[in-house]
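These are the residues of each chain, in order.
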Amino acid sequence: LPLFMQSAKPDPDHTYGPLLRGLETRDESAQLKALQLLTISLGEESTDLQNPQIQPLLPVVATLLQSSSPKARDVAVQFLEALLSRPESRNAVWAQARIMKSLIDIAKSNVSPQMNYQVAFCFWILSFDPEIARVISKKYDIVNVLTKVAKTAVKEKVIRVIVATFRNLLAHAPQENLPFMLVAQLLPFIRNLLSRKWADEEILEDLQFLRDELTKGFESLSTYDEYVSELASGHLSWSPVHESESFWRENAAKLNENDHKQLRVLVQLILASQDPTVLAVAAHDLGKYVKYSESGKRLITELGGKAKVMELMAHENPDVRFQALVTVQRLVSHAWAAQ
């Protein structure tokens with residue numbers, strides 16, 4: 001390997017060319033062997049990789065991540081671990097939506113503890129980039145995904161790398177990530193983890209940091225702030241606030257503030273979500289909003305929400321159908337009957 005790396009210095013294309021051509025073959029065995037050799041080489045390469053060297057690799061990696069072969073996925077993830085360890089390559093990987101979505105899909109599936117660790121390691125490395133930390137939760141729901149992985153993890157190293165990822169997200173972009181951490185019920189989970197014994201002192205330090213920062217971040221939140229955080233996360237659930245008449249009586253008008261910002265978010269959820277629970281809760285919330293907001297019917301209609309709620313009356317999920325029916329009744333009724 002040292003001789004191979006030394007030969008690459010004067011002319012990288014001459015040395016790496018055969019390996020890159022190996023990735024272009026349709027023979028998966030040849031692809032995997034070429035990728036394995038490139039993974040080993042990344043650990044020894046002392047100079048920064050250039051974008052032209054990285055780009056040809058990524059479509060192949062994306063395809064292997066989506067393969068039905070566990071071995072292909074494993075080799076692809078190992079390569080990403082090595083590639084992401086090099087700061088100059090992170091933005092190129094982040095820009096590949098197929099790769100990012102595949103990593104999320106693997107994390108959501110029933111894979112081995114080692115694969116869980118390797119995928120979480122990739123997210124941990126990405127979370128060091130402040131710009132990525134600001135948008136990764138909104139784009140890929142990473143807090144919710146990794147929290148579920150950590151809750152079922154049997155290996156300490158899996159929990160350790162996930163906790164370290166959460167620390168990075170909170171340290172680099174608290175405003176963007178706190179809403180997702182609130183909705184994922186991360187603070188109770190962190191407190192539970194703190195009650196365990198850990199062999200690694202670093203995980204204890206990270207857990208204490210998360211507990212303190214989450215406690216401080218959540219303490220000042222009102223019930224309405226929590227509702228706004230839930231809207232921002234996109235993960236509506238049947239928490240008590242949704243069915244509280246006093247909450248809607250006191251806060252329905254607040255959805256109209258800042259050019260109806262929160263109402264627009266709520267309507268967008270019902271327009272875009274495929275999750276039956278989100279659809280049912282969003283339909284319910286629109287009905288409550290209409291009940292306590294004089295201009296509610298007109299605004300929801302203008303934003304496209306009325307047509308979508310009417311469409312949901314034929315949804316396959318009975319809860320979605322019921323909530324949509326109740327809200328449509330409010331949308332089409334006279335003001336005196338809406339109560």
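Under an unreviewed UniProt entry, the name given to the chain is ATPase V1 complex subunit H C-terminal domain-containing protein, and the organism recorded is Hydnum rufescens UP504. Looking at the Sequence similarities (unreviewed entry) heading of the UniProt record, one finds this comment for the chain: "Belongs to the V-ATPase H subunit family."

A. Looking closely at the overall build of the chain. When helices and strands are tallied, the chain shows 22 helices and zero strands. Within the chain, the proportion of its 339 residues that are buried is 49%. Pairs at least 24 apart in sequence give 68% of the contacts found in the chain among residues at least 6 apart. Accessible surface, the chain: about 16900 Å² in total, of which carbon and sulfur atoms supply 51%.

B. Here's a closer look at the nonpolar core. Residues Ile99, Phe123, Ile162, Phe166, Met181 and Leu214 are the most contacted members of the largest nonpolar core, which totals 74 residues. Tallying contributions element by element places helix α9 (residues 113-126) first for this core, with nine residues. If we ignore the near neighbours within four places in the chain, the residues touching Ile162 are Ala120, Leu146, Val149 and Ala150.

C. Representation of the layout of surface pockets within the structure. Estimated volume of the largest pocket: approximately 950 Å³. Lining the largest pocket are 42 residues; nearest its centre among them are Asp141, Asn144, Lys148, Ala184 and His235. At seven residues, the largest contribution of residues to the lining of the largest pocket is made by helix α11 (residues 142-152). Residue classes in the lining of the largest pocket are distributed as 19 nonpolar, 13 polar and ten charged.

D. Structural detail: the packing of aromatic side chains. Applying the stated criterion across every chain, the model contains seven aromatic pairs. With a centroid separation of 5.1 Å and 70° between ring planes, the pair formed by Trp124 and Phe128 is classed as edge-to-face. Judged by its relative accessible area of 35%, Phe128 is partly exposed. Here the aromatic residues Tyr117, Phe121, Trp124 and Phe128 are joined through ring pairs into a cluster of three or more. Its end group placed over the ring of Phe209, Arg167 keeps NZ or CZ at 4.2 Å from the ring centre. The ring of Tyr224 has Lys254 sitting right over it, with the charged end atom 5.1 Å from the ring centre.

So, how was this worked out
- Residues numbered from 1 in each chain as written.
- Predicted model: local features only at pLDDT ≥ 70, side-chain atom pairs only at ≥ 80, totals over all residues.
- Heavy atoms only, no water.
- UniProt positions renumbered as here; feature names shortened; annotations may be inferred.
- Helix = DSSP H or I, 4+ residues; strand = E, 2+ residues; numbered from the N terminus.
- Buried < 20%, exposed > 50% of the residue type's maximum accessible area, 1.4 Å probe, protein only.
- Contact = heavy atoms within 4.5 Å.
- Areas by Shrake-Rupley, 256 points an atom, 1.4 Å probe, with all protein chains shown as cover.
- Core = buried A, V, L, I, M, F, W, Y, C linked by side-chain atoms within 4.5 Å.
- 1 Å grid on protein atoms, 1.4 Å probe; cavity = no way out; pocket = protein on both sides within 12 Å on 5 of 7 lines; lining within 4 Å.
- Points joined across faces, edges and corners; volume = space filled by probe spheres on them.
- Nonpolar A, V, L, I, M, F, W, Y, C, P; charged D, E, K, R; others polar.
- Phe/Tyr/Trp six-rings, centres within 6.5 Å; stacked < 30°, edge-to-face > 60°.
- Lys NZ or Arg CZ within 6 Å of the ring centre and 35° of its normal.

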